[in-house]
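Read off the chains here:
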Amino acid sequence: MKLLSLVVAATFSLAMSAWAEDLPSSAKKASMEEFKTFANGKKVNVIIYDAGAAITASLVWNWKKKQIIGEALVNNKTKIKVKVPLTFDGDKACSQDQGKPVCHLIYIDNDKFYEVRDDGKVHATSTLVQ
């Protein structure tokens with residue numbers, strides 16, 4: 001559990017890494033209902049940019065269980081289980097391990113969705129697994 005807390009804390013830290021992606025101009029801001037229709041229960045491959053470490057994951061956002069679940073790989077060597085609560089704050093999707101929720105706006109573009117921080121930087125890119 002301590003390792004999960006460490007990775008979740010790193011995943012949602014606000015420290016920028018040199019590893020980043022810009023939000024494409026074709027991405028459109030999604031309401032939570034649009035996001036739910038787009039992603040609920042579907043597996044996504046995720047790249048997290050602002051954790052201070054290279055993190056990729058295979059996750060499922062599950063509204064019924066109110067959880068984000070799956071596995072993450074840190075620096076291509078440490079595999080961890082992910083199971084964090086999923087909540088919402090207006091038009092932001094939020095996750096929480098310990099402490100207060102960390103929330104992001106959601107933008108959708110084709111088979112991808114982008115979690116965007118309040119400062120406009122992309123926190124993570126998720127691609128639907130076909």
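Residues numbered from 1 in each chain as written. Predicted model: local features only at pLDDT ≥ 70, side-chain atom pairs only at ≥ 80, totals over all residues. Heavy atoms only, no water.

### Thoughts on the nonpolar core
To keep things clear, this is the line we draw: Only buried residues count toward a nonpolar core. Its members are Ala, Val, Leu, Ile, Met, Phe, Trp, Tyr and Cys residues joined through side-chain atoms within 4.5 Å. The buried label goes to any residue with under 20% of its type's maximum accessible area, the exposed label to any with over 50%, and the partly exposed label to all in between, with areas taken from a 1.4 Å probe on protein chains only. Working definition: helices are DSSP H or I runs of at least four residues, strands are E runs of at least two. Numbering for both runs from the N terminus. Contacts are assigned to residue pairs with any non-hydrogen atoms lying within 4.5 Å of each other.
Counting residues in hydrophobic clusters, the biggest one holds 28 residues, and the most contacted among them are Phe-35, Val-44, Val-46, Leu-59, Trp-61, Ile-106 and Phe-113. Of all elements in the fold, only helix H2 (32-39), strand S2 (43-48), strand S3 (55-62), strand S4 (67-74), strand S5 (78-89), strand S7 (102-109) and strand S9 (122-128) reach the threshold of two or more residues within this core. Setting aside residues no more than four positions away along its own chain, Trp-61 makes contact with Phe-35, Ala-39, Asn-40, Gly-41, Lys-42, Val-44, Gln-67, Ile-68, Leu-86, Ala-93, Phe-113 and Glu-115. Core analysis: the next-biggest nonpolar cluster, separate from the first, contains seven residues, Leu-105, Tyr-107, Tyr-114 and Val-116 among them.

### What about the state of the cysteines?
Let me state the cut-off plainly: We call a pair of cysteine sulfur atoms a disulfide whenever their separation is within 2.5 Å.
As enumerated under the stated definition, the model contains one disulfide in all. Covalently, Cys-94 is tied to Cys-103 through a disulfide, its sulfur atoms 2.0 Å apart. Judged by the sign of its S-S torsion, about 105 degrees, the bond between Cys-94 and Cys-103 is right-handed. Per residue, the accessibility class of Cys-94 equals that of Cys-103, and both read buried.

### A look at H2
To be explicit about the condition: It is the directions from the helix axis to the C-beta atoms that the arc portrays.
All of the buried residues along H2 are Met-32, Phe-35, Phe-38 and Ala-39. Seen from one end, H2 has its buried residues packed into an arc of 125 degrees, which puts them on one side. Away from the buried face of H2 by more than 90 degrees, exposed residues Glu-33 and Thr-37 are located. Where H2 is buried, its residues contact S3, S5, strand S6 (92-95), S7, strand S8 (112-116) and S9. One or two steps after H2, the chain reaches Gly-41, where phi turns positive at roughly 75 degrees.

### Considering the packing of aromatic side chains
What counts is decided by this rule: Note on ring pairs: Phe, Tyr and Trp rings are taken, using the six-membered ring of Trp, and paired if centres are within 6.5 Å. Classes follow the plane angle, with under 30 degrees stacked, over 60 edge-to-face and the rest tilted.
All told, the structure shown has seven aromatic pairs when counted by the stated rule. Ring geometry for Phe-38 versus Phe-113: centroids 6.3 Å apart, planes at 90 degrees, classification edge-to-face. Taken together, the positions of Phe-38 in helix H2 and Phe-113 in strand S8 put the pair 75 residues apart, joining distant regions of the chain. Neither residue differs from the other here; Phe-38 and Phe-113 are each classed as buried. Chaining the aromatic ring pairs together yields one cluster made of Phe-35, Phe-38, Trp-61, Trp-63, Phe-88 and Phe-113.

### A short note on unusual backbone geometry
For residues besides glycine, phi is generally negative; the peptide bonds are generally trans as well. Here the phi dihedral of Asn-75 falls at roughly 50 degrees; this positive angle occurs in a residue that is not glycine. Here Asn-75 shows up in the loop between S4 and S5. In this structure, Asn-76 takes a positive phi of about 60 degrees despite not being glycine. Here Asn-76 shows up in the loop between S4 and S5.

### Looking at the confidence of the model for the protein chain
The test is simple: Residue-level confidence of the predictor, termed pLDDT, takes values from 0 up to 100.
For the protein chain, per-residue confidence averages 86 on the pLDDT scale, and residues scoring 70 or more make up 85% of the total. Note on residues 1-18: pLDDT under 50 across the span, and 36 contacts to partners over four residues away in sequence or across chains.

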